[in-house]
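# Report on the structure
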Amino acid sequence: MSTFLLEIVTPERKVYAEDVDMVIVKGTEGEMGILPNHVPLVTPLNIAPVRIKKGRSEEVLAVNGGFVEVRKEKVVILAESAELAGDIDVDRAKAAKQRAEQRLTGKQDEYDFRRAELALQRAMNRLGVKQG
Ligand code: ATP
């Protein structure tokens, strides 16, 4: 079976670079499975899991925003943050979730509300990926 190079990059580091069979991302326009020789495109991503299929194994990362770029020679996910399931600190995500929930119930302006909503989404995404 043919494969393609998948890179997942954040402003901090290259999180992932391997030959894979398929990657499934959640774009702002829905879920998209990318196989080898996919037509080139760029599309924004949600705060959501990214699933990678490689042989018999499947890996999942918690990806926060950014976009996916399908090029001729590789697929690049450029995200604000991305963690492999094994690298996720559950206690930290639970604490972030709790903080965000408290901020959402408190009185505040719209900007703070949106920020808290996004922080909650990041925490829920990490916890969801960790639970598999
Ligand atoms: P926190 O409030 O706990 O910092 P956050 O959602 O604000 O959470 P981000 O700004 O998205 O954090 O990420 C900052 C850095 O910390 C990134 O490198 C990200 O990969 C990492 N990170 C954030 N939360 C976790 C976690 N629960 N486990 C592992 N790495 C994490």
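Please read all numbers here as calculations on a predicted model, not as lab measurements.

### Description of the nonpolar core
Soluble, globular proteins show a tendency: their nonpolar side chains are buried together. Membership of the largest hydrophobic core comes to 21 residues, with the highest contact counts inside it found for L6, I8, V23, V25, I34, I52 and I77. Breaking this core down by element, the ones donating at least two residues are β1 (4-9), β2 (14-20), β3 (22-27), β4 (30-34), β6 (47-54), β7 (57-64), β8 (67-70) and β9 (74-78). Filtering out sequence-adjacent residues up to four positions away, V25 remains in contact with G30, E31, M32, I34, L45, V50, V68 and I77. Counting five residues, the second-largest nonpolar core is a separate cluster that includes A100, L104, A119 and L120.

### Looking at the sheet that holds β1
The strand order β2-β1-β9-β8-β5 describes an open sheet built from five strands, whose pairing is mixed. This sheet does not close on itself; its edge strands, each paired only once, are β2 and β5 (41-44). Averaged over all neighbouring strand pairs, the angle between strand axes comes to 10°, with direction disregarded. In this sheet, β9 lies alongside β1 in parallel orientation, the contact comprising five bridges.

Parameters at a glance
Position numbers for residues count from 1 along each chain, tracking the sequence in the order it is written. Reporting of local features is limited, given that this is a predicted model, to residues whose pLDDT is at least 70; pairs of side-chain atoms are given and counted only at 80 or more, and all residues count toward the totals for whole chains, interfaces and linings. Only heavy atoms go into the side-chain values, all of them from the structure, while hydrogens and water stay out. Definition of nonpolar core: a set of buried residues of the types Ala, Val, Leu, Ile, Met, Phe, Trp, Tyr and Cys, connected through side-chain atoms within 4.5 Å. The cut-offs for exposure are 20% and 50% of the maximum accessible area for each residue type, with area from a 1.4 Å probe on protein chains only; residues under the lower value are buried, those over the upper are exposed, and the others partly exposed. A run of H or I in DSSP becomes a helix once it reaches four residues, and a run of E becomes a strand once it reaches two; helices and strands are each numbered from the N terminus. What makes two residues a contact is simply this: any of their non-hydrogen atoms within 4.5 Å. Strand pairing is assigned whenever DSSP detects at least two bridges linking the two strands. Here an angle of 0 to 180 degrees is reported between the N-to-C directions of two axes, which are lines fitted to C-alpha atoms, with helices fitted over the stretch in contact.

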